[in-house]
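Analysis of the macromolecular model
Here is how the chains run, residue by residue.
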Amino acid sequence: MTLGYRTTDGSIVTLKPIAAQSTPLGDAPALKLSGREYAAMSTGRVLRAAQAHFDYPAPDGDGAVRAGAKTVAADELGALMARKRFAVFEDGESGLLRLAYRELVLRFRVDSTRAQQAQLLKKLGLSKRSGNAFHAQQFVVVDAARRYSVEALIELALQLGEQALVEFATPNFISQYTRCASSAPPSPAKAQWHLAMVRARQAWALSQGRKSITVAVLDDGVDVEHPELKARLKRKPDPQEPRDLLGRDFYVPDSAADHFDPRPKRFRMPFDQMNGNDIHGSCCAGVAVGSGPRGFGMAPRCSLLPVKIFHADDLASDARVADAVRYAAQFADVISCSWGGPRSPDLQAAIADASTQGRAGRGAVIVCAAGNDAAPRVSYPAADAHCIAVGASTDARLQADYSNSGAQLAVVAPSSGGAKGIFCTDVALPGRGFNIGSVAAGGADGLFTNDFGGTSSATPLVAGLAALMLSLKPQLSPAQVAALLKRSAVKIGPPGSYDANGHSKAYGHGMVDALKTLQAVKALKP
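Residues numbered from 1 in each chain as written. Predicted model: local features only at pLDDT ≥ 70, side-chain atom pairs only at ≥ 80, totals over all residues. Heavy atoms only, no water.

1. A word on the pairing of strand β23 (residues 409-414)
- The element β23 is largely enclosed, with a buried count of 6 among its 6 residues.
- Relative to β23, strand β22 (residues 387-393) runs parallel, the two being bridged by 5 bridges. Bridge assignment links A389 to a residue of β23, and that residue is L409. (Buried < 20%, exposed > 50% of the residue type's maximum accessible area, 1.4 Å probe, protein only. Helix = DSSP H or I, 4+ residues; strand = E, 2+ residues; numbered from the N terminus. Pairing = 2+ DSSP bridges.)

Take a look at the structure:
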């Protein structure tokens, strides 16, 4: 039996099962993955994901073992682990880890009735667990009676996708997402050379951005207390929700106490490494909208909406990532995504809706990182037709050797990979961030880093430029923004890199030029 899931374009992505053997080890659960070479970090990541999302047993630090809110007796641990069996897979398209348990995400067609939905679910032995705050016909459904194995439930999702009542059905995966900062340490570079290379300061004579234009940074959190970010925050983004003061955390449930706190929360030694730490999103935010005077962003007068979707590198719920996109599209004009992950029909639908219905019907501009795998393919969601895929170039105006290539690549923007890295805001908490307090790393106060990079940094630069474009002409559609960015890009790299249509798989349509782009926007007829 070949396992897989159906995407919104009808294609099937296969899933390769990974054997996961769970056994009690003393008073705690242990997990062993096999089927391919897995580092201990991958095994620990899977176990933490099961404990966070499936109420799988976990030590509570006080000598007890808990499954959710319940204490587990030592003689009950083995039986409970057997009942809580989950399945681990390698995604056949992205190669990333995915976990499934007893739930599906199911979207019914808009013309289906509640009675028809209930009849179908009853026939299959499934029940609705929760609705979706952003789509009235979408639900998480659960196999409460444990009628199906996880594998059979995945097969059922494929069959449901062919039902007349159903728009899409997919396992409620918990997936591995990768943040796209480069791991190659650049030489220290205090000056913001990347802004000079795209002629940002000349472009600011036309616009430094409007407060009414907002960039949403979907990432592992933003340090909302940073002196060069806090003035840019969009306050009370959702007027219908008094608890929404400056953004949300979609890694946790809406009912969680810290759902309305988008700050970095997860830290683990060593504190200057991305693994185990929420230190990525604050840098992305600074590259997009940092207010200066030390770490200017591309759009220093636009607003910032922090939307937390990750807790460091722990696996995240596809459904929650999709809902974060839907939320951002309601209250932001540009959505910046410096990460990649496996495809999901729920995320595909959220991106399609955001790009067509977001921004009060004009469509949100979605800018995504092409990825850092040095691969001849653009990562998802950057490869989505509704997104602007951004690659990385270096201070030598060449493709960064880690930057992914492909037909979907729109443009590149300056980042690390050459002699210089990107100087930008860092996590302001003492001893946390890429710079934990070193003059050579960006300053003794630790507020800034000079070693940010990857397509993670190139992406928010382009997102900031899109915000400047909308500051001049708010009526621009996402397609117009993408077309203007491509048309105004500067051809860099070897002359033979570009085809007859002016596109290169390594450079897209070229490196963005802020001045040329804003001049083109300003010249547009009303």
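2. Here's the deal with the layout of surface pockets
- By volume, the second largest pocket is sized at about 940 Å³.
- Counting residues per element, the ones that place at least two in the lining of the second largest pocket are α1 (40-53), β9 (103-108), β10 (127-132), β11 (135-142) and α8 (318-331).
- Considering every element that reaches the lining of the second largest pocket, the biggest residue donor is β10, with 4 residues. (1 Å grid on protein atoms, 1.4 Å probe; cavity = no way out; pocket = protein on both sides within 12 Å on 5 of 7 lines; lining within 4 Å. Points joined across faces, edges and corners; volume = space filled by probe spheres on them.)

3. Regarding the sheet that holds β9
- Strand order across the open sheet formed by 4 strands is β10-β11-β9-β12, with antiparallel pairing between neighbours. Two strands lie at the open edges of the sheet, namely β10 and β12 (166-171), each paired on one side alone. Taking the axes of each pair of neighbouring strands and ignoring which way they run, one obtains an average angle of 25 degrees across the sheet.
- Of the strand pairs in this sheet, β9 and β11 are connected by 5 bridges, and their pairing is antiparallel. Along β11, the bridge assignment pairs V105 with V140.
- Contacts between helix α9 (residues 345-357) and the sheet are confined to β9, β11 and β12, with β12 contributing the most and set at about 130 degrees to the helix. (Axes fitted to C-alpha atoms, helices over the stretch in contact; angles between N-to-C directions. Contact = heavy atoms within 4.5 Å.)

4. Looking at helix α10 (residues 455-472)
- For α10, built from 18 residues, the straight-helix expectation of 26 Å at 1.5 Å per residue is met to within 8% by its first-to-last C-alpha distance of 26 Å.
- Burial analysis of α10 places 18 of its 18 residues in the buried class, the great majority of the element. (Expected span 1.5 Å × (residues − 1).)

5. Here's the deal with the packing of aromatic side chains
- According to the stated counting rule, one finds 14 aromatic pairs in the structure shown.
- With centroids separated by 5.4 Å and ring planes inclined at 10 degrees, the aromatic side chains of F423 and F448 adopt a geometry described as stacked. Placement of the pair is F423 in strand β24 (residues 422-425) and F448 in strand β25 (residues 448-452), with a sequence separation of 25 residues.
- Grouped by ring-pair contacts, the aromatic residues F54, Y56, F86 and Y101 constitute a single cluster.
- It is K128 that lies over the ring of F139; its NZ or CZ is 3.8 Å from the centre. (Phe/Tyr/Trp six-rings, centres within 6.5 Å; stacked < 30°, edge-to-face > 60°. Lys NZ or Arg CZ within 6 Å of the ring centre and 35° of its normal.)

6. A few points about the sheet that holds strand β4 (residues 58-59)
- Ordered by their spatial adjacency, 3 strands build an open sheet running β4-β5-β6, and the pairing between neighbours is antiparallel. Lying at the two open borders of the sheet, with one neighbouring strand each, are β4 and β6 (70-72).
- Both β4 and strand β5 (residues 65-67) contribute to a ladder of 2 bridges, which runs antiparallel. Paired with P59 across the bridge in β5 is V65.

7. Some details on the packing of helix α11 (residues 478-488) against helix α12 (residues 514-522)
- Where α11 contacts α12, the two axes come as close as 9 Å, and the packing angle between them is 130 degrees. Here α11 is positioned oblique relative to α12, judged by the angle of their axes. In terms of crossing hand, the pair formed by α11 and α12 is right-handed. From α11, L484, L485, R487 and S488 reach across to α12, where they touch K516, T517, A520 and V521.
- Here the contact of α11 with α12 is composed, by residue class, of 4 nonpolar, 2 polar and 2 charged. (Parallel < 35°, antiparallel > 145°, perpendicular 65-115°, else oblique. Left-handed = near helix turned anticlockwise from the far one by under 90°. Nonpolar A, V, L, I, M, F, W, Y, C, P; charged D, E, K, R; others polar.)

8. Describing the side chain of H259
- Of note, H259 is situated in the loop between β16 (248-249) and α7 (281-289).
- A relative accessible area of 0% means that H259 is categorised as buried.
- Among the polar contacts listed, one links the side chain of H259 to the side chain of D254, at a separation of 3.3 Å.
- Excluding its chain neighbours within four sequence positions, the residues that come into contact with H259 are R248, D249, F250, V252, P253, D254 and R320. (Polar contact = N/O pair within 3.5 Å; in protein donor to acceptor, adjacent residues only side chain to side chain.)

9. What about empty space enclosed by the protein?
- By the definition in use, this model includes 1 cavity of 30 Å³ or more.
- Considering the residues around the largest cavity, the lining is formed by V105, T170, P171, N172, F173, D318, A319, S344 and D346.
- Listing elements by their share of the lining of the largest cavity, those giving two or more residues are β12 and α8.
- Across the lining of the largest cavity, the residue classes tally to 4 nonpolar, 3 polar and 2 charged.

10. Some thoughts on the pattern of salt bridges
- Under the counting rule described, the total for this entry stands at 26 salt bridges.
- R98 is the partner of D91 in a salt bridge, and the nearest nitrogen-oxygen pair spans 3.1 Å.
- R98 gets classed as buried once you look at its relative accessible area, which sits at 0%.
- Close ionic contact of E167 with R107 constitutes a salt bridge, the shortest N to O distance being 3.6 Å. Placement of the pair is E167 in strand β12 and R107 in strand β9, with a sequence separation of 60 residues. (Salt bridge = Lys/Arg side-chain N within 4 Å of Asp/Glu carboxyl O.)

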